[in-house]
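An overview of the molecular structure
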Amino acid sequence: MSYLGKYISVIVPAAGMGKRMNSKINKQFIKIKDIPVLARTLMEFNKCDYIDEIIVVTRYDEIDFCQKEIIDKYKLDKVKKVIQGGKERQDSVYNGLKEVNKKSDIVLIHDGARPFVKRNIIEENIKFALEYGACVTGVPVKDTIKKVDLNGEIISTPNRKELWAIQTPQTFRYDLILKAYEKAKLDNFLGTDDSMLVERIGYKVKIVMGDYSNIKITTPEDLIIAETLVDK
Ligand SMILES: Nc1ccn([C@@H]2O[C@H](COP(=O)(O)OP(=O)(O)OP(=O)(O)O)[C@@H](O)[C@H]2O)c(=O)n1
Ligand SMILES: C[C@](O)(CO)[C@H](O)COP(=O)(O)O
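The structure displayed is predicted, hence computed values, not measured ones.

Okay, the overall build of the protein next. Secondary structure summary: the protein contains 7 helices and 11 strands in total. By the compact-globule yardstick of 17 Å for 232 residues, the protein fits well, its C-alpha radius of gyration being 17 Å. C-alpha atoms of the protein, sized along the principal axes, occupy 50 × 40 × 35 Å. Here the protein holds 232 residues, and the buried ones make up 47% of them. If you take every contact in the protein between residues at least 6 apart in sequence, the share linking residues at least 24 apart comes to 75%. Accessible area for the protein stands at about 12300 Å²; split by element, carbon and sulfur atoms hold 51% of it. Seen as two clouds, the 39 positive and the 34 negative side-chain charges of the protein have centres 1 Å apart.

Dropping the structure here:
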């Protein structure tokens, strides 16, 4: 139990194929200045005093590699389980939720491929989740966003002041996120983030101010940005 008097778990989905990276090795294991993406991500959570356990979700054939080359090598002692993921990110997170310690109060969900998450964002997520039950990290969009139809014609221009680009961590009371995932499974609903599943059962989700450097490593040019961020 952390010194907050609450049990706090983290699920790190890292079971994707990394198709858009188009690399021989899975993008989670690509090194940025000598340290793999996933190790960088996990180190930030491992050193946060409030966190009690981390569950890492990987592809079945990468479980051993992940255990030896990431968890053991970087001494990530808060990682309690490395488990198998599913077809979609949502399936992987659901597998993780089923493995969380039953006495858990709060669950943070964070993409393995977002290695630049900072301590203040993790702490703010925990604070907001304890206060409101549900929160997600995001940043105000910088570009004008258009809604476009299948013919390539603009339908509308939403007010930019109301638009945020959503990142992770996304953090919830354990009972709430489990209920949201079980309902999505029942309804065969597939969302693109965790918050959507909570929003659709009628629960209000708060925004935590993120950081423009909390990027997701998705395409090859993100690796160039990542090297620059490490240098900085
Ligand atoms: N079935 C899946 C798909 C994705 N993820 C994880 O969810 C995070 C965000 O997904 P994304 O960046 O889209 O990763 P990939 O699905 O691997 O990328 P791509 O769509 O290019 O294949 C990543 O850390 C990824 O490993 C996962 O655990 N299980
Ligand atoms: C959850 C997420 O990181 C929010 O930005 C993102 O939606 C996950 O990435 P994907 O490309 O949709 O799998």
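A few words on the pairing of strand S10 (residues 164–173). The pairing of strand S6 (residues 106–109) with S10 spans 4 bridges and is antiparallel. When the sheet's bridge partners are listed, isoleucine 109 is paired in S10 with glutamine 170. Note that strand S7 (residues 134–140) and S10 share 6 bridges and pair antiparallel. Counterpart to alanine 134 in the pairing with S10 is phenylalanine 172.

Time to look at the packing of aromatic side chains. Inspection of the entire model under this criterion finds 3 aromatic pairs. Measuring from ring centre to ring centre gives 6.0 Å for tyrosine 94 and tyrosine 181, while their planes differ by 20°; the resulting arrangement is stacked. Residue tyrosine 94 is found in helix H3 (residues 89–99), and its partner tyrosine 181 is found in helix H5 (residues 174–187); the two are separated by 87 residues along the sequence. For tyrosine 94, a relative accessible area of 14% puts it in the buried group.

Turning to the site of ligand 1, a few remarks are in order. Near ligand 1 there are 19 residues, and of these Gly18, Lys19, Gln28, Ser92 and Lys216 occur at the shortest range. One of the backbone nitrogen or oxygen atoms of alanine 14 is found 3.3 Å away from an oxygen atom of ligand 1. In the environment of ligand 1, an oxygen atom lies 2.7 Å from a nitrogen or oxygen atom belonging to the backbone of lysine 19. Surface burial for ligand 1 is 89%, taken as the share of its 570 Å² of free accessible area covered by protein chains. Structurally, ligand 1 is housed in the largest pocket. Going through the elements one at a time, strand S1 (8–14) and H3 are the ones with two or more residues in the shell around ligand 1.

Bringing the UniProt feature "site: Transition state stabilizer" (unreviewed entry) in the protein into the picture now. Under the present numbering, the feature "site: Transition state stabilizer" (unreviewed entry) in UniProt falls on Arg20 and Lys27. Lining residues of the largest pocket drawn from the annotated set just named are Arg20 and Lys27. Within the secondary structure, arginine 20 sits in the loop between S1 and strand S2 (31–32). Not counting the four nearest positions on each side in its chain, arginine 20 is found in contact with Lys216, Thr218, Thr219 and Pro220. By secondary structure assignment, the location of lysine 27 is in the loop between S1 and S2. Taking the relative accessible area as the measure of exposure, lysine 27 reaches 10% and is therefore buried. Excluding residues that lie within four positions of it along the chain, lysine 27 makes contacts with Gly18, Met21, Val37, Ala113, Ile217 and Thr218.

About the cut-offs
Residues numbered from 1 in each chain as written. Chains lettered and ligands numbered in written order. Predicted model: local features only at pLDDT ≥ 70, side-chain atom pairs only at ≥ 80, totals over all residues. Heavy atoms only, no water. Helix = DSSP H or I, 4+ residues; strand = E, 2+ residues; numbered from the N terminus. Rg over C-alpha atoms; globule rule 2.2 N^0.38 Å. Buried < 20%, exposed > 50% of the residue type's maximum accessible area, 1.4 Å probe, protein only. Contact = heavy atoms within 4.5 Å. Areas by Shrake-Rupley, 256 points an atom, 1.4 Å probe, with all protein chains shown as cover. Lys, Arg positive; Asp, Glu negative; His and termini not counted. Charge placed at Lys NZ, Arg CZ, Asp CG, Glu CD. Pairing = 2+ DSSP bridges. Phe/Tyr/Trp six-rings, centres within 6.5 Å; stacked < 30°, edge-to-face > 60°. Near = heavy atom within 4 Å. Polar contact = N/O pair within 3.5 Å; in protein donor to acceptor, adjacent residues only side chain to side chain. 1 Å grid on protein atoms, 1.4 Å probe; cavity = no way out; pocket = protein on both sides within 12 Å on 5 of 7 lines; lining within 4 Å. Sits in = over half its atoms within 2 Å of the grid points. UniProt positions renumbered as here; feature names shortened; annotations may be inferred.

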